[in-house]
Amino acid sequence: SIGKGARVGPDLDGVTSRRQRDWLTRFIRAPSAMHASRDPIALELARQFPNVRMPNLQLSDADASDLLIYLEA
């Protein structure tokens with residue numbers, strides 16, 4: 001959700017302020033690779049939300065950038 005608090009997953013309101021843009025882009029583009037590389041933030045999210053995994057939607061860099069622009073708005 002955006003602005004409704006953590007529910008099934010984390011609240012995305014302000015996520016672009018809490019996380020570095022490069023990290024967000026990598027996580028949006030290849031979340032399973034982030035888990036496989038033992039990224040500490042990805043692992044913490046998996047611990048907090050054990051029943052939810054970010055799907056790999058195979059987005060391009062441009063698509064990920066557009067999504068981040070949307071989240072910033």
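Criteria and thresholds
- Residues numbered from 1 in each chain as written.
- Predicted model: local features only at pLDDT ≥ 70, side-chain atom pairs only at ≥ 80, totals over all residues.
- Heavy atoms only, no water.
- Core = buried A, V, L, I, M, F, W, Y, C linked by side-chain atoms within 4.5 Å.
- Buried < 20%, exposed > 50% of the residue type's maximum accessible area, 1.4 Å probe, protein only.
- Helix = DSSP H or I, 4+ residues; strand = E, 2+ residues; numbered from the N terminus.
- Contact = heavy atoms within 4.5 Å.
- Lys, Arg positive; Asp, Glu negative; His and termini not counted.
- Salt bridge = Lys/Arg side-chain N within 4 Å of Asp/Glu carboxyl O.
- Polar contact = N/O pair within 3.5 Å; in protein donor to acceptor, adjacent residues only side chain to side chain.

Enquirer: Help me out: how do you make sense of the nonpolar core in this one?
Expert: Where a protein is soluble and globular, its nonpolar side chains tend to be buried together. If you look at the biggest cluster of nonpolar residues, it comprises 13 residues, and the most contacted ones within it are Trp23, Leu24, Phe27, Ile28, Met34, Leu45 and Leu68. Counting residues per element, this core draws most heavily on helix α2 (residues 21-29), at 4 residues. Setting aside residues up to four positions removed in sequence, Phe27 forms contacts with Met34, His35, Ala42, Leu45 and Met54.

Enquirer: Sorry, what's going on with the side chain of Asp39 here?
Expert: If you trace the backbone, Asp39 turns up in the loop between α3 (31-36) and α4 (40-48). Buried charged residue Asp39 carries no salt bridge. Nearest counter-charge: Arg26, at 4.9 Å. At 2.9 Å, the side chain of Asp39 and the side chain of Trp23 are in polar contact. The contacts of Asp39, once residues within four sequence positions are left out, are Trp23 and Met34.

Enquirer: Hey, could you run me through unusual backbone geometry in this one?
Expert: Across the chain, the bulk of peptide bonds are trans and the bulk of non-glycine residues have phi less than zero. A positive phi is found at Arg38, a non-glycine position, where the angle reads about 65 degrees. With respect to the helices and strands, the residue Arg38 is situated in the loop between α3 and α4. Look at Gln58: it is not a glycine, yet its phi comes out positive at around 55 degrees. With respect to the element layout, Gln58 can be found in the loop between α4 and α5 (61-72). Residue classification places Gln58 among the exposed residues on the basis of a relative accessible area of 70%.

Distances and angles like these do not, on their own, reveal function.
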